[in-house]
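# Analysis of the macromolecular model
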Amino acid sequence: MRLFASILVLCFALTLTAQDTLQLQVDVVYLSSNLLRGREAGTPYERQAARYIASRFEEIGLSPKGTEGWFQPFEFTYKPNPHSETGERRTGLNVVGYLDNGAPTTVVIGAHFDHLGMGHFGSRHVGEPAIHNGADDNASGVAALLCLAEKLKNEPLTGHNYLFIAFSAEELGLFGSKYFANHPTIPLDSVAYMLNMDMVGRLNAERKLVVNGAGTSPAWKETLARIDTLGIHIVTTESGVGPSDHTSFYLKNIPVLHFFTGQHADYHKPEDDSELVNYAGLADICQLIYNLIAALDDQPRIEFRKTKDESERKAAAFKVSLGVMPDYTYDGEGMRVDAVIDGRPGAKAGMQAGDIIVRIGDVEVHNIYDYMEGLSKYGKGDSAPIVVLRDGQKITLQATFE
Ligand SMILES: [Zn+2]
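Residues numbered from 1 in each chain as written. Predicted model: local features only at pLDDT ≥ 70, side-chain atom pairs only at ≥ 80, totals over all residues. Heavy atoms only, no water.

### Points about helix 4 (residues 175-182)
Within the span of helix 4, buried status applies to Gly176, Ser177, Phe180 and Ala181. Buried residues of helix 4, viewed axially, fall in a sector of 130 degrees; they line one side. (Buried < 20%, exposed > 50% of the residue type's maximum accessible area, 1.4 Å probe, protein only. Helix = DSSP H or I, 4+ residues; strand = E, 2+ residues; numbered from the N terminus. Arc of directions from axis to C-beta.)

Structure follows, in structure tokens:
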């Protein structure tokens with residue numbers, strides 16, 4: 001009898017574990033199936049993915065917290081070619097669900113659900129257009145978002161309310177999260193912190209998880225060091241600015257973290273498929289993040305810090321400016337220009353949106369920080385050659401700083 005009872009308990013436990021992983025797999029496989037054609041923002045396939053996520057939010061027992069039920073529509077300009085003068089106006093949809101615990105503060109948990117469609121923009125694929133399924137990027141993050149919603153509903157942590165957001169148009173320029181940060185459906189000053197999951201499906205044999213933004217609050221490293229990480233090795237980076245949606249919240253002075261299992265050869269290619277996702281690893285990451293939230297359940301607020309690398313260099317760079325907007329979503333070599341402000345030094349030198357700055361004077365620019373470093377060497381009225389890549393060609397422009 002006792003043996004029978006133990007077997008029953010064991011079977012029950014196994015079923016629970018299997019079901020946890022099974023639901024993650026169902027969510028990833030559906031979202032990254034050919035049915036959804038790569039979930040490009042502003043297309044019917046993005047709508048279909050949004051409806052699926054809303055139905056899962058409903059099934060879990062969240063309440064709608066968009067502006068039209070579960071959805072928060074927003075307009076953005078789609079430019080498949082960044083050099084083109086005009087773009088196509090499109091409407092994207094964020095999907096927003098709320099778990100109200102009657103607390104004064106709310107934790108925002110987010111993951112983008114859009115991807116590259118047929119690869120007309122942002123793809124690393126060479127050849128005929130093909131469906132970019134985006135299983136790791138970022139069906140995996142959405143599955144983790146749903147997993148966390150389910151856990152926080154069924155094993156409540158009541159110190160905060162929880163707002164779950166599936167963002168759209170991340171791939172095209174963080175448009176969904178920028179829109180939400182500027183048109184929040186809860187008061188932004190009630191947000192305790194924001195957690196972003198973008199590409200969490202490829203936990204490898206070394207079980208290394210990158211956690212970006214650890215410098216945005218002194219609480220992060222201390223808390224990450226004391227929670228059960230399920231044998232996952234956490235590698236932290238400081239900056240609150242990165243190529244994903246947490247940036248939009250960091251820029252509103254909210255502590256953020258971005259969870260990321262790392263870059264791989266299938267990144268932004270049609271080969272980023274569901275059979276390559278590590279589902280057991282994904283379940284562990286969901287549990288790890290739950291453990292982090294649990295460890296902070298009795299703290300209404302954690303302190304916000306501007307990250308060192310950014311604030312220091314930015315302060316230095318403020319002496320002069322080119323009048324260009326950096327593209328925070330760009331993660332290749334150099335600093336890609338998102339927009340050029342008319343009449344400012346960049347525009348006067350002939351700089352164009354889409355240019356990639358690779359050198360300022362003597363400073364080689366590999367990323368946005370080198371760019372700031374480069375600018376910090378000059379004062380108002382100084383001139384410097386700026387090398388940009390435009391359509392693969394190196395062009396030297398002469399800028400006079402203001
Ligand atoms: Zn992504």
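Having seen the structure, we can now continue with the description.
### Let's talk about the pattern of salt bridges
Opposite charge on two side chains permits them to pair, given that their charged atoms come into close proximity. Using the criterion set out here, one finds 17 salt bridges in the structure. The closest approach of N and O atoms between Arg56 and Asp27, which form a salt bridge, is 3.0 Å. Of this pair, Arg56 sits in helix 2 (residues 44-60) while Asp27 sits in helix 1 (residues 2-31), and the two are 29 residues apart along the sequence. Across the pair Glu238 and Lys221 runs a salt bridge, and its minimum N-O distance is 2.5 Å. You can see Glu238 sitting in the loop between strand 8 (233-236) and helix 6 (246-250) and its partner Lys221 sitting in helix 5 (residues 218-226), a full 17 residues away along the chain. (Salt bridge = Lys/Arg side-chain N within 4 Å of Asp/Glu carboxyl O.)

### Examining the packing of helix 2 against helix 3 (residues 135-154)
Where helix 2 meets helix 3, the closest approach of the two axes is 10 Å, and the angle between their N-to-C directions is 15 degrees. On the basis of the axis angle, helix 2 is roughly parallel to helix 3. For the element pair helix 2 and helix 3, the recorded crossing hand is right-handed. For the pair helix 2 and helix 3, contact is made by Ile53, Arg56, Phe57 and Ile60 and by Val142, Leu145, Leu146, Ala149, Glu150 and Lys153, respectively. Taken together, the residues that form the contact of helix 2 with helix 3 break down as seven nonpolar, no polar and three charged. (Axes fitted to C-alpha atoms, helices over the stretch in contact; angles between N-to-C directions. Parallel < 35°, antiparallel > 145°, perpendicular 65-115°, else oblique. Left-handed = near helix turned anticlockwise from the far one by under 90°. Contact = heavy atoms within 4.5 Å. Nonpolar A, V, L, I, M, F, W, Y, C, P; charged D, E, K, R; others polar.)

### Points about the coordination of the zinc ion
For the zinc ion, every protein donor is listed as His112 (NE2), Asp137 (OD), Asp198 (OD) and Asp198 (OD), and the spread of their distances is 2.0 to 2.7 Å. Geometry at the zinc ion is irregular, judged from its four donor atoms and the angles of 52 to 149 degrees they form at the metal. For the zinc ion, the single-chain donor residues occur in sequence as H-x24-D-x60-D. Here the residue Asp137 occupies a position in helix 3, and Asp198 occupies one in the loop between strand 6 (191-197) and strand 7 (208-212), the gap between them amounting to 61 residues. The exposure class of Asp137 is buried, given its relative accessible area of 2%. (Donors = N, O, S within 2.8 Å, 3.2 Å for Na, K, Ca; no water. Tetrahedral: all angles 85-135°; square planar, octahedral: opposite > 155°, others 65-115°.)

### Side note on the domain arrangement of the protein chain
What the domain assignment lists for the protein chain is domain 1 (19-295) and domain 2 (308-400). Taking only C-alpha atoms, the centre of domain 1 and the centre of domain 2 are 30 Å apart. (Domains from an automatic or database assignment.)

### Observations regarding the side chain of Thr105
Along the polypeptide, Thr105 turns up in the loop between strand 3 (88-99) and strand 4 (106-112). On the accessibility criterion, Thr105 (4% relative accessible area) is buried. Side-chain polar atoms of Thr105 contact the side chain of His160, separated by 2.9 Å. Not counting residues within four places of it along the chain, the set of residues in contact with Thr105 comprises Gly159, His160, Asn161, Ser190, Ala192, Pro300 and Arg301. (Polar contact = N/O pair within 3.5 Å; in protein donor to acceptor, adjacent residues only side chain to side chain.)

### Thoughts on the pairing of strand 15 (residues 393-400)
Alignment of strand 14 (residues 383-390) against strand 15, held across eight bridges, turns out to be antiparallel. Residue pairing in the sheet places Ile386 in a bridge with Leu397 of strand 15. Hairpin remark: strand 14 followed by strand 15, antiparallel, with two residues in the connecting loop; positive phi at Asp391, about 50 degrees. (Pairing = 2+ DSSP bridges.)

### Quick notes on the packing of aromatic side chains
If you walk through the whole model with that rule in mind, you get ten aromatic pairs. Between Phe57 and Trp70 the ring centres are 6.0 Å apart and the planes differ by 45 degrees, which places this aromatic pair in the tilted class. One end of the pair, Phe57, is in helix 2; the other, Trp70, is in the loop between strand 1 (63-64) and strand 2 (71-78), with 13 residues separating them in the sequence. Accessibility assignment for this pair places Phe57 and Trp70 in one class, buried. Taken together, a centroid distance of 5.6 Å and an interplanar angle of 45 degrees make the contact between Tyr250 and Phe304 tilted. (Phe/Tyr/Trp six-rings, centres within 6.5 Å; stacked < 30°, edge-to-face > 60°.)

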